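Working through the structure, step by step
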Amino acid sequence: MRFFGTSGIRAVFNQDLINLAFRVGLAVGKNYKNIVVATDTRTSGDVMKHAALSGLLAAGAGCRDAGVAPTPTLAYTTRHFDAGVMITASHNPPEYNGIKLLNPDGSSFTTLQQEQIEAEISSDLPDPARWEKIQRSRLYEGAIRKHIDFIKTRFPNGLKLRVVVDAGGGAASEITPLMFQEIGAVVVPLNCIPDGFFTRGIEPTAENLKGLCEKVKETGADLGIAHDGDADRMMAVDDRGRFISGDKLLAIFARALGINDLVTTLDASMVIEEMGAKVRRTRIGDTAVSEELRNGGDFGGETSGSWIFPEISLCPDGIYAAARLAAIAGQQKVSELVDSLPSYPLLRGSAAGDGVDMSRLESRLLALEPLSVSHTDGIKLDFKEGWLLVRPSGTEPKIRITAEAKTEAGAAQIYNNCKQAIRESTVMEGKGD
Ligand code: MG
């Protein structure tokens, strides 16, 4: 049975999830002896944390409880431990909860580490440690303070800006406003009551951040910042109250920070190759970007809002990313930066995946005569005028299609060619072809 998705365990909170938290604690505690635990702001956070702590302690591990903190804050803290256990369901709705497991460098557990934990939680419950080996859990004070203090060392001269911070009621409700105040910004808090009910859709999408756009306009702010539930993500709104897409943010970071060696996912816009950095592309998901950064690199990004700066940790850090974006905004209006970037039409959609013969689809796509083909994640084809990414969905019987080109007509043509190829590769039951 597979418990871990690409970003850990996530499910609607219920008895099974409590039991799973205990078992994960037991398995992690058997393999790692010095653990730090934190939660986001969900109402079920304490229940899940105590279940996990119970398992960890029963296994004989030493545990510190860092309280409510963002995932990147826990990741930064984990440098002093063997592993970090984060109780969060990230950007899922408030009734969900889950677990992310972190390494001392801030990266998520690798597939291999996850498989080891999965094997143990799938087997019979192991015996707890002998009574004389069991330790007590202790509080870990100051995780948020230490995270802010590190960020402050990077901005010694302070920032003179007005920033609206929309934490969505998630784990950054305290840290991001405080961090901005301490580096000199005037902060307008929005949705910063950490009660676990999330006052807007918690994924930082354009649709969920209309309130932030309005607030930036209303207050004449220089920048709007938004996070998801555990604040590993950061998205932003410019000084004209416009949501900035993830592709634009990636390009802004790459250009303004003078990045030389950058890692991003296959589905990011080809604009990034024009920003002057060497670009390495990975499969979809921020964990893939984080894993690739273990081989070196200055910066990694995933356009859903995950920004990784190896100088702090290999965990996407929405708080540090917010500070770095604010520093850029202090040099030049963000709206000017946004408008100065090239922008290409990018189409995202899907087709029914039932009955699609993938090898037939691949030969149909190859007949379109691409310049190159990659199998890093699904099939990616580069054409003279743009590119196409075709991936079976991991959660639904669908095939996801992404196409980008320098013109609307070019993108539409690539997209429609792909739809046609999928139709021609669909084997109808009983038709016998
Ligand atoms: Mg998250």
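Preceding this paragraph is the structure being described.
Focus: the nonpolar core
- Within the largest apolar cluster, 73 residues are counted, with the highest numbers of intra-cluster contacts made by Ile 151, Phe 180, Ile 225, Met 234, Phe 253, Trp 307 and Leu 325.
- Here the element with the most residues in this core is helix H10 (residues 318–331); it accounts for nine residues.
- Discounting chain neighbours no more than four positions away, the residues touching Ile 151 are Met 179, Ile 312, Ile 319, Tyr 320 and Ala 323.

With respect to helix H7 (residues 210–219)
- What H7 keeps buried is the set Leu 212, Cys 213 and Val 216. One face of H7 carries all of its buried residues, which in axial projection span an arc of 105°. Across from the buried face of H7, at angles greater than 90 degrees, the exposed residues are Lys 210 and Glu 218.
- On its buried side, H7 packs onto strand E7 (162–166), strand E8 (186–190), strand E9 (223–227), strand E10 (234–237) and strand E11 (243–244).

Here we look at helix H1 (residues 15–31)
- Its 17 residues place the ends of H1 25 Å apart at the C-alpha level, agreeing with the 24 Å of an ideal helix rising 1.5 Å per residue.
- If you check which residues of H1 are buried, you get Leu 17, Leu 20, Ala 21, Val 24, Gly 25, Leu 26, Ala 27, Val 28 and Gly 29.
- For H1, the elements touching its buried residues are strand E1 (9–12), strand E2 (34–39), helix H2 (45–58), strand E4 (83–87), strand E5 (96–102) and helix H4 (111–122).
- Taking the backbone nitrogen of Asp 16 as reference, a side-chain oxygen 3.1 Å away marks Asn 14 as the first, capping residue of H1.

Some remarks on the pattern of salt bridges
- The tally for this structure, following the rule as stated, stands at 30 salt bridges.
- Glu 132 is the salt-bridge partner of Arg 130, the closest N and O atoms lying 2.8 Å from each other.
- Here Arg 400 ties to Glu 396 by a salt bridge, and the two come within 2.6 Å at their closest N and O atoms.
- A residue is classified by how much of its surface remains accessible, and Arg 400, at 29% relative accessible area, is partly exposed.
- Given the relative accessible area of 34%, Glu 396 is considered partly exposed.
- Overlapping salt bridges bring together Arg 145, Asp 149, Lys 152 and Glu 182 as one network.

Examining the sheet that holds strand E15 (residues 306–308)
- Across the sheet, four strands lie side by side as E13-E12-E14-E15; this open sheet has mixed pairing. Of all the strands in the sheet, the pair left with one neighbour each is strand E13 (278–282) and E15. Direction aside, the axes of adjacent strands within the sheet are offset by 20° on average.
- Of the strands in this sheet, strand E12 (261–265), strand E14 (299–302) and E15 are in contact with helix H8 (residues 246–256), which crosses E15 at around 15°.

Things to note about the packing of aromatic side chains
- For the structure on display, the rule yields ten aromatic pairs.
- Between Phe 299 and Phe 309, the aromatic rings sit 5.0 Å apart at their centres with planes inclined by 40°, giving tilted as the arrangement. On the criterion of sequence distance, the pair formed by Phe 299 in strand E14 and Phe 309 in the loop between E15 and H10 is long-range, its members being ten residues apart. When sorted by exposure, Phe 299 lands in the same class as Phe 309, which is buried.
- Connected via pairs of aromatic rings, a cluster forms that spans Tyr 76, Phe 150, Phe 253, Phe 299, Trp 307, Phe 309 and Tyr 320.

Overview of the sheet that holds strand E18 (residues 379–382)
- Read from one edge to the other, the open sheet built from five strands follows the order E16-E20-E19-E18-E17, with strand pairing classed as antiparallel. The open sheet terminates on both sides in strands that have one partner only, identified here as strand E16 (346–352) and strand E17 (372–374). Neighbour-to-neighbour, the strand axes of the sheet open up by a mean angle of 15°, direction not taken into account.
- Taken together, the seven bridges between strand E19 (residues 386–392) and strand E20 (residues 398–405) define a ladder with antiparallel strand orientation. Looking at the pairing, Trp 387 lines up with Glu 404 of E20.
- In this fold helix H13 (residues 408–424) packs onto E16, E19 and E20, with an angle of close to 155° to the strand it touches most, E20.

Rules used in this analysis
Residues numbered from 1 in each chain as written. Predicted model: local features only at pLDDT ≥ 70, side-chain atom pairs only at ≥ 80, totals over all residues. Heavy atoms only, no water. Core = buried A, V, L, I, M, F, W, Y, C linked by side-chain atoms within 4.5 Å. Buried < 20%, exposed > 50% of the residue type's maximum accessible area, 1.4 Å probe, protein only. Helix = DSSP H or I, 4+ residues; strand = E, 2+ residues; numbered from the N terminus. Contact = heavy atoms within 4.5 Å. Arc of directions from axis to C-beta. Expected span 1.5 Å × (residues − 1). Polar contact = N/O pair within 3.5 Å; in protein donor to acceptor, adjacent residues only side chain to side chain. Salt bridge = Lys/Arg side-chain N within 4 Å of Asp/Glu carboxyl O. Pairing = 2+ DSSP bridges. Axes fitted to C-alpha atoms, helices over the stretch in contact; angles between N-to-C directions. Phe/Tyr/Trp six-rings, centres within 6.5 Å; stacked < 30°, edge-to-face > 60°.

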